[in-house]
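Residue strings, one per chain:
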Amino acid sequence: MSTVSEPDRVESADAAEQESTAEVVQNQSQANLGELAAKRTPVPVGDREVVLKLDDVTVSYSGSAAIKAVSMDVFRRHVTAFIGPSGCGKTTLLRSLNRMNDLVPGAIVDGTITYHGHDLYDAGVDPVEVRRRIGMVFQRPNPFPKSIFDNVAYGLRLHGMKDRLDERVESALLKTGLWDEVKDRLKSSALALSGGQQQRLCIARALAIEPEVVLMDEPASALDPIATQRIEDLIGELKDDYTIVIVTHNMQQAARVADMTAFFSVDVSAERGGRNGVLVEYAPTADLFIRPADPRTEAYVTGRFG
Amino acid sequence: MIAETPAPASTFRRRRPRFGDAGLRVLAGVAAIGSLLLVALLTYKVVDEAWPSIAQFGLSFLWSEDWNAVTGEFGARDLIWGTAFSSLVAVAIAAPVAIAIGLFLSELAPRRLRAPVGALVELLAAIPSVVLGLWGIIVLGPFLQQHIEPRLGDWLGFIPLFSGSPSNVGLLPAAIVLTIMIIPIVASISRELFLSVPGDLKQGSLALGSTRWEMVRNVAIPQVSAGLVAAVILGLARALGEAIAVSQVIGGGLNFSASVFQPADTLAGRIASQYQGSTSNLQTASLAYLAVILLAMSLIANITAQLIVRRIRQRMGGAH
Ligand SMILES: Nc1ncnc2c1ncn2[C@@H]1O[C@H](COP(=O)(O)OP(=O)(O)OP(=O)(O)O)[C@@H](O)[C@H]1O
Ligand SMILES: [Mg+2]
C-alpha cells in the first residue's frame, strides 16, 4: 500500500508534521484508488438486468449471525466486488449465493436470494442445479489429483456435455490463457502446475460448464503479483460473458476490476454484544472510492481503519 | 542494516548439535533392521521345523489330500482349499460392505449418527475372535443348519458346493464368521480414509454441480483407493491367519467334501488343533509345513497389495 511508501520523511518530521504527512499520504492513496476506479469506463446500472437479488439476507452459524440484513442487487455481466475487514462475513455471503453453505452444519440463510426472480432457497430448488449455473473459485487453488485435461473435463462429464469434449476443454483453457502453457501436457498431472497456473485451471474448470455467474473468493490471494495481474486481466475479459462476484482484501484490485463494490464491516454495537457483519455501502466502484457516502467506508478506503 | 562485509563462512555452520536427528535415525534403522531380522529368523525356524516333511513329501504335499497320523501320510490340499475358500469368500463379501459402511459413516449418514455408529463399529472390531466363534457355535451354526442350508440345497443343490445334507459346522459358517470378523476392521479403516479426503477437493467437486455421490465416486474413492486396497488386504491377512474362530465352527473333519455344508478345516485351524497332540515327528513337521504355506500365502497377498498400491499412486501422478 502506498501509505508506507515514504517512511524516511515521516521519520524525520516532528509530531505535527507527521500527522499532516500521514494525511497527505492517505489522500494520495484515496486518490490512487479513485484514479484506478475512474479509469474504468463507468457502467450505467439502471438498464442492467439483475441476476441475483438479495433481500434482507442474514446468514447464521449455529444461531449467531455472521452477516446480517444484506439487501443488494448483482447485475448481469458486471464484476461486483465484496470488500471489508477480515471476519465481516464476505465469504459467508458469497457461499450463500450458490448454496455452498448448505454443506456447513448449522448454517442457516434467512431472507430471500433470487436468481432471475427464482428463489434460490425455495423447497423445490436443487442445490446441485444451482451450483451448476453459479460456479465458484476458491481462495486456495484446489485442482483434482487428475490430469489437466480431466480437471477441465470433470464438470463437462458430470453434466453430460461430452459432445465436442476436446473442443470445450480447449476453449476453457484458451479463455484463461492457459492453453499455450499446457497444450503439450494435457495428460500430465494438474498438481505439477504452479500455483498461479493451478488457479487459472480452477477458473477454466468452472468456466467449462458454462455457468452464468462465477463467484470468486480471494482468487489471487495466494499468488504473486504477476500471477495476480493475470487473474485480474482475465476477470476483465470474462465479464463480457459472465457475471462475476469477487471477494478481495486488496482495494486496488477492487478498484481495478470491479464495476460495483460492496463494503462490509463488523457491527460490534449489535445487541448482546454480538459481532455481526453488515453491508455498509454498495455503489459503483468509482463512487465508493472517490465519494464514499458513509464515514466507515471512507475510513476504510483511506486506510484509517483499525 | 545490511552487513557491509561478506558474512564469514562460519555463519552457516551448524550451531546446535543434532542429537535428536541422529537418535531418530538410529532408532528407525534399528527398528527396520530388527523387524526384518525377526521375519527372517521366524521363517528360518518354521522351515527348519518343517524340514523332515518337506524332505519326505516335497511339493506334492500341496496337492495330496491325505492326512493320516497312523500311516504317516500328510498333505495340505483340503486345508489350502478350506483356507482359500473361507478367506476369499469372506473378503469378497466384507470388502464392499465395509467400504460402504465407511463411506456412509463419513459422508452420507446424518451428522448426529456418524460419531455414535462409528464408535460402535470400532467396538465390533475389538470383539475377541473366540467370542465371535462362540456365537458361531451357539447361534449361527444351528440357524444355518435349520433355515439357510436346506433352502440353498433346494435351489442350488446341483452345484457340488451346495450339495449334501445340512450341518451346523462347515465352510459356510466359517466364511460367515470371518466375514463378520473383518467387516468392522476394514470399515473403520475406510472411514478414517474417507475422513482424510481434503475438504477443498470435495467442495471443488460439489461447486461444479456434482451430487454427493458423484463427488464420492470421482474424487473421494480415487483419492483413497490405495488405502482401501491396503485395508482389504489387511482384512484378508486376518482371515487367512484366523485359527480360533474358524476351528470353532468349521468342524475340523478329516474327510474332504466339496460341500460348504460339511465339516472341513483350514491351515490355521489344523495347526492350532493338532500341534499339541501331535503323535510323531513327521506330523509335527507337516504341521510346520502348513505354517510355511500359510506364511507364503500371506506374503503373496501382501506383495500383491503393495504392487497395486504403487500402481495406483503412480496413476494419481504424485498426489501423495
Ligand atoms: N463454518 C463456520 N462455522 C462457524 N462459524 C463460521 C464458519 N465460517 C465462518 N464463520 C464465522 O462467520 C464470521 C464471518 O466469517 P467469513 O469467513 O465469512 O469472513 P470473511 O469476511 O470472509 O473473512 P476473511 O476476510 O478473513 O476471509 C466469522 O466470525 C467466522 O468466525
Ligand atoms: Mg473470507
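Since the model is a prediction, treat every value here as computed from it, not as a measurement.

A. How the structure looks around the pairing of strand β9 (residues 260-267) of chain A. All names here are of chain A. Burial within β9 is extensive, with seven of its eight residues counted as buried. Where strand β3 (residues 79-83) meets β9, four bridges bridge the pair, whose relative direction is parallel. The residue of β9 that forms the bridge with Ala81 is Thr261. Note: β9 against strand β10 (residues 276-284), eight bridges, orientation antiparallel. Across the sheet, residue Ala262 finds its bridge partner in β10, namely Tyr282.

B. Structural detail: the interface of chain B and chain A. Taken residue by residue, the interface counts 23 residues in chain B and 24 residues in chain A. Here chain B and chain A share one salt bridge between them. Of the charged contacts in the structure, one is a salt bridge between B:Asp200 and A:Arg140, with a shortest N-O distance of 3.2 Å. Our enumeration of links across chain B and chain A arrives at six residue pairs in polar contact (both at pLDDT 80 or more). Looking at the side of chain B that touches chain A, the elements that each hand over two or more residues are α6 (199-207) and α7 (212-241) of chain B. Of the residues in the side of chain B that touches chain A, the class split is nine nonpolar, ten polar and four charged.

C. Spotlight on the pattern of salt bridges. Residues and elements named next belong to chain A. Using the criterion set out here, one finds 24 salt bridges over all chains in the structure. Put simply, Asp73 and Lys53 hold a salt bridge, and the shortest N to O gap is 3.1 Å. In this pair, Asp73 is assigned in strand β2 (residues 64-75) and Lys53 in strand β1 (residues 50-61), connecting sequence segments 20 residues apart. You can call Lys53 partly exposed: its relative accessible area is 40%. Linking Arg200 and Glu181 is a salt bridge whose minimum nitrogen-to-oxygen distance equals 3.1 Å. One end of the pair, Arg200, is in helix α8 (residues 195-208); the other, Glu181, is in helix α7 (residues 179-182), with 19 residues separating them in the sequence. Among the charged side chains, a network of salt bridges with common partners joins Asp163, Arg164, Glu167, Arg168 and Glu210.

D. A look at the confidence of the model for chain B. The predicted model of chain B averages 89 in pLDDT, with 96% of residues at 70 or higher. Interface confidence in the predicted complex, given as ipTM, is 0.83; pTM for the same model is 0.82.

E. View of α6(B). All of the buried residues in α6(B) are B:Leu201, B:Lys202, B:Gly204, B:Ser205, B:Leu206 and B:Ala207. B:Gly209 sits one or two positions beyond α6(B) and adopts a positive phi of about 85°.

F. Quick peek at the sheet that holds β2(A). Residue and element names in this part refer to chain A. Spatial strand order, β5-β4-β1-β2-β10-β9-β3-β8-β7-β6: ten strands in an open sheet with mixed pairing. This sheet does not close on itself; its edge strands, each paired only once, are β5 (118-119) and β6 (134-137). The pairing of β2 with β10 spans two bridges and is classified as parallel. Paired with Ile67 across the bridge in β10 is Gly277. Running at roughly 170° to β6, α8 makes contact with β6 and β7 (213-217) of the sheet.

G. Structural view of unusual backbone geometry. Residues and elements named next belong to chain A. A positive phi angle, near 55°, is found at Asp56, a position not held by glycine. The backbone of Glu210 sits at a positive phi, close to 55°, despite the residue not being glycine. By the element assignment, Glu210 lies in the loop between α8 and β7. Overall, the relative accessible area of 47% leaves Glu210 in the partly exposed class.

H. Up close: a negative patch on the surface. All names here are of chain A. Residues Asp233, Glu237, Asp240 and Asp241 make up a contiguous surface patch of negative charge. Within the secondary structure, Glu237 sits in helix α9 (residues 225-238). Using a relative accessible area of 48% as the deciding quantity, one classes Glu237 as partly exposed.

I. Quick look at the site of ligand 1. All names here are of chain A. Around ligand 1, the structure places Tyr61, Ala66, Ser86, Gly87, Cys88, Gly89, Lys90, Thr91, Thr92, Val104, Glu218 and His249. Measuring from an oxygen atom of ligand 1, one finds a backbone N or O atom of Gly89 at 3.0 Å. Protein chains bury 59% of the 630 Å² of accessible surface belonging to ligand 1 in isolation. Of all the elements, helix α3 (residues 90-96) adds the most residues to the shell around ligand 1, at three residues.

J. Molecular detail of the packing of α7(B) against helix α10 (residues 281-315) of chain B. Residues and elements named next belong to chain B. Interhelical geometry of α7 versus α10 gives an angle of 175° and a closest axis separation of 9 Å. With respect to α10, the element α7 is oriented roughly antiparallel. Mapping the contact onto sequence places Ser225, Ala226, Val229, Ile233, Leu236 and Leu240 in α7 and Leu294, Met297, Ser298, Ala301, Asn302, Ala305, Ile308, Val309, Ile312 and Arg313 in α10.

K. The arrangement of the pairing of β3(A) in detail. All names here are of chain A. Taken across its five residues, β3 has five buried, putting it largely inside the fold. Here β3 shows no split at all, with Val79, Ala81 and Ile83 on one side and Thr80 and Phe82 on the other all buried. As paired elements, β3 and strand β8 (residues 243-247) share four bridges and run parallel to each other. Bridging from a neighbouring strand, Phe82 pairs with Val247 of β8.

About the cut-offs
- Residues numbered from 1 in each chain as written.
- Chains lettered and ligands numbered in written order.
- Predicted model: local features only at pLDDT ≥ 70, side-chain atom pairs only at ≥ 80, totals over all residues.
- Heavy atoms only, no water.
- Buried < 20%, exposed > 50% of the residue type's maximum accessible area, 1.4 Å probe, protein only.
- Helix = DSSP H or I, 4+ residues; strand = E, 2+ residues; numbered from the N terminus.
- Pairing = 2+ DSSP bridges.
- Contact = heavy atoms within 4.5 Å.
- Salt bridge = Lys/Arg side-chain N within 4 Å of Asp/Glu carboxyl O.
- Polar contact = N/O pair within 3.5 Å; in protein donor to acceptor, adjacent residues only side chain to side chain.
- Nonpolar A, V, L, I, M, F, W, Y, C, P; charged D, E, K, R; others polar.
- pLDDT = per-residue confidence, 0-100.
- Axes fitted to C-alpha atoms, helices over the stretch in contact; angles between N-to-C directions.
- Patch = residues over 30% accessible without salt bridge, like charges linked within 9 Å, V, L, I, M, F, W, Y side chains within 5 Å.
- Areas by Shrake-Rupley, 256 points an atom, 1.4 Å probe, with all protein chains shown as cover.
- Lys, Arg positive; Asp, Glu negative; His and termini not counted.
- Charge placed at Lys NZ, Arg CZ, Asp CG, Glu CD.
- Near = heavy atom within 4 Å.
- Parallel < 35°, antiparallel > 145°, perpendicular 65-115°, else oblique.

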